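The chain contents come next:
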Amino acid sequence: MKKGFHTIMAAQFFSSLADNALLAAAIALLRLTGAPAWHVPALTPMFALFYVILAPFVGAFADAVPKGRVMFISNAIKVVGCLMMLFGVHPLVSYAVVGLGAAAYSPAKYGILTELLPNSQLVKANGWIEGLTVMSIIFGVLLGGQLVGPVVSQQLLTFDLPVFTTGIDTAPEAAIAVILFLYVIAAGFNLRIPRTDAPLQPLSNSPQEMVRDFSSCNARLWNDKLGQISLAATTVFWGVAGNMRVIVFAWAAVALNYSLTQASTLVGVVALGIAAGSIYASLRMKLEQATSVIPLGIGMGILMIGLNFITNVWVAAPFLVLLGAVGGFLVVPMNALLQHRGHNLMGAGRSIAVQNFNEQACILGLGALYAAMTKFGLSAFTCITILGLLVAGTMEVIRRWHISNTKLYPDEIERLLAIARSDKH
């Protein structure tokens, strides 16, 4: 890997670590303040909100400014959201501001990979980035769960700064204060990300023109015979994965009678499986083979429903690893193929913004559905069944869609696969 790739990985790790630790702190804060039950599943769609709203602008911004600088600015916005939560702004609003920072961060994070590395290394690079991101989810959720737990929080609350009164009196507030330092570490790595030789694309002064440009890019990717399949598959995967952390918290509470701190370990187990699947896919899969993993998406939906029949943690842990591994092996080649097609069709930042728009819209939609089901009293088991059937059914539609494309446009599919095989820039 080229110089600078490891700095990008480190910056991503600490920023994502803080994001996921903050989720556990936000859940604890909502429970402490007696917020309605549906506010907890609403955290995920609130985080996704600005990904959808600002999609036409963040991709163009990432292409117009050096991507290391974009990542630094985005991380600073996350710090603002974290401070808002610490000083009493509602967790849903504060977490949405953190999502704003993440929305601006993502096009730069993934876009710089296509600028820094040849296509022949994209699957491998995605495997490392996704694996490391998932490891940050594991440690972030575990860290957040421990920070709000009784043992660690009591130690944090006994710590006093000389002369200065912090006003931090609860476990969630103490956790948020610690998480702030993780964002500071990420900022340090952001400043060390090298500038690539890729030319910057001027940023339009007209918001209407940027929306039209984004709409054109979105349509271009959906009309591409490989881009549409990879975009559809990654959209479904991240729609589920984005909500899976909150779903596991709810499921563990009713199936295993687990507390927030205990359930955080199971969220980490799912993420461990995704990391393992991601790394294995990066070692075994080639870019032109990406569409062969589509049936795994159907299996992922069926496995989700299987959670309803587990009541023992010794069965749950390996099952959740398997569920995560299936998803990880699916998303890495699909994500690499999507980045490859997007980079060939438009700027790297714009293609990632299109990807984020669709994936985060799915996260927002599924999260809103889950929050609504919770608000109307449906059990965690019923919610999991509905979501699992929805995932399996949608992935089957995508599988048939690709088969139809292969039959109707064989020359076009082969031409695009040939580009994936031969383009080594």
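Residues numbered from 1 in each chain as written. Predicted model: local features only at pLDDT ≥ 70, side-chain atom pairs only at ≥ 80, totals over all residues. Heavy atoms only, no water.

Draft legend 1. The arrangement of the side chain of Asn356 in detail. As for its placement among the helices and strands, Asn356 is situated in helix α14 (residues 348–375). With residues up to four places along the chain from it excluded, the contact list for Asn356 reads Tyr51, Ser106, Pro107 and Ala361. (Helix = DSSP H or I, 4+ residues; strand = E, 2+ residues; numbered from the N terminus. Contact = heavy atoms within 4.5 Å.)

Draft legend 2. Examining the side chain of Ser136 more closely. For Ser136, the location among the structural elements is in helix α6 (residues 122–148). According to the relative accessible area criterion, Ser136 is buried, its value standing at 0%. Look past the residues within four positions of Ser136 in its chain and what remains in contact with it is Phe13, Ser16, Leu17 and Asn20. (Buried < 20%, exposed > 50% of the residue type's maximum accessible area, 1.4 Å probe, protein only.)

Draft legend 3. Inspection of the layout of surface pockets at higher detail. Its boundaries defined by the atoms lining it, the second largest pocket holds a volume of some 250 Å³. Taken together, 17 residues line the second largest pocket, and the ones lying closest to its centre are Ala37, Val40, Pro41, Ala250 and Thr374. Only α1 (5–32), α2 (39–53), α10 (227–255), α14 and α15 (380–408) provide two or more residues apiece to the lining of the second largest pocket. Looking at the lining of the second largest pocket element by element, the count peaks at three residues for α10. (1 Å grid on protein atoms, 1.4 Å probe; cavity = no way out; pocket = protein on both sides within 12 Å on 5 of 7 lines; lining within 4 Å. Points joined across faces, edges and corners; volume = space filled by probe spheres on them.)

Draft legend 4. Fine view of the environment of Thr311. In this structure, Thr311 sits in the loop between α12 (295–306) and α13 (313–345). What makes Thr311 exposed here is its relative accessible area of 63%. In this structure, Thr311 is in contact with Ala255 and Leu256, ignoring residues within four places of it in sequence.

Draft legend 5. Broad picture of the confidence of the model for the protein chain. Residues with a pLDDT of 70 or more make up 94% of the protein chain, whose mean pLDDT is 86. Confidence scores differ between elements of the protein chain, with helix α16 (residues 410–422) showing the lowest mean pLDDT of 78 and α12 the highest of 94. (pLDDT = per-residue confidence, 0-100.)

Draft legend 6. Region of interest: the packing of aromatic side chains. Scanning all chains against the criterion turns up eight aromatic pairs. Taking 6.3 Å as the distance between ring centres and 5° as the angle between the ring planes, the aromatic pair formed by Trp222 and Trp401 counts as stacked. Of the two residues, Trp222 is situated in helix α9 (residues 207–223) and Trp401 in helix α15; the sequence distance between them amounts to 179 residues. Judged by its relative accessible area of 31%, Trp401 falls in the partly exposed class. Each residue in the set Phe13, Phe14 and Phe189 is aromatic and connected to the rest through ring pairs, giving one cluster. If you follow Lys225 out to its NZ or CZ, it ends over the ring of Tyr409, 4.2 Å from the centre. (Phe/Tyr/Trp six-rings, centres within 6.5 Å; stacked < 30°, edge-to-face > 60°. Lys NZ or Arg CZ within 6 Å of the ring centre and 35° of its normal.)

Draft legend 7. Layout of a nonpolar patch on the surface. Nonpolar side chains collect at one region of the surface, where Leu369, Phe376, Leu378, Ile386 and Leu390 lie side by side and expose about 440 Å² of accessible area between them. Within the secondary structure, Phe376 is located in the loop between α14 and α15. (Patch = residues over 30% accessible without salt bridge, like charges linked within 9 Å, V, L, I, M, F, W, Y side chains within 5 Å. Areas by Shrake-Rupley, 256 points an atom, 1.4 Å probe, with all protein chains shown as cover. Salt bridge = Lys/Arg side-chain N within 4 Å of Asp/Glu carboxyl O.)

Draft legend 8. Local environment of the pattern of salt bridges. All chains considered together, the criterion is met by five salt bridges. Note that Arg399 and Glu396 form a salt bridge whose closest N and O atoms lie 2.9 Å from each other. Taken together, the positions of Arg399 and Glu396, both in helix α15 and three residues apart, correspond to about one turn of that helix. Looking at Arg399, the relative accessible area reads 28%, which means it is partly exposed. What makes Glu396 buried here is its relative accessible area of 19%. As a salt-bridge pair, Arg400 and Glu396 come within 2.7 Å of each other at their nearest N and O atoms. Taken together, the residues Arg400 and Glu396, both in helix α15 and four residues apart, mark about one turn of the helix.

Draft legend 9. Summary view of the nonpolar core. Formed by 94 residues in total, the largest nonpolar core has its most connected members in Leu22, Ile179, Trp251 and Met395. Considering each element in turn, this core owes the most residues, 16 residues, to α10. The residues contacting Leu22, other than those within four sequence positions of it, are Cys82, Met85, Tyr95, Val98, Ile176, Ile179 and Tyr183. Met9, Tyr110, Leu113 and Ala125 belong to the second-largest nonpolar core, a separate cluster that totals 21 residues. (Core = buried A, V, L, I, M, F, W, Y, C linked by side-chain atoms within 4.5 Å.)

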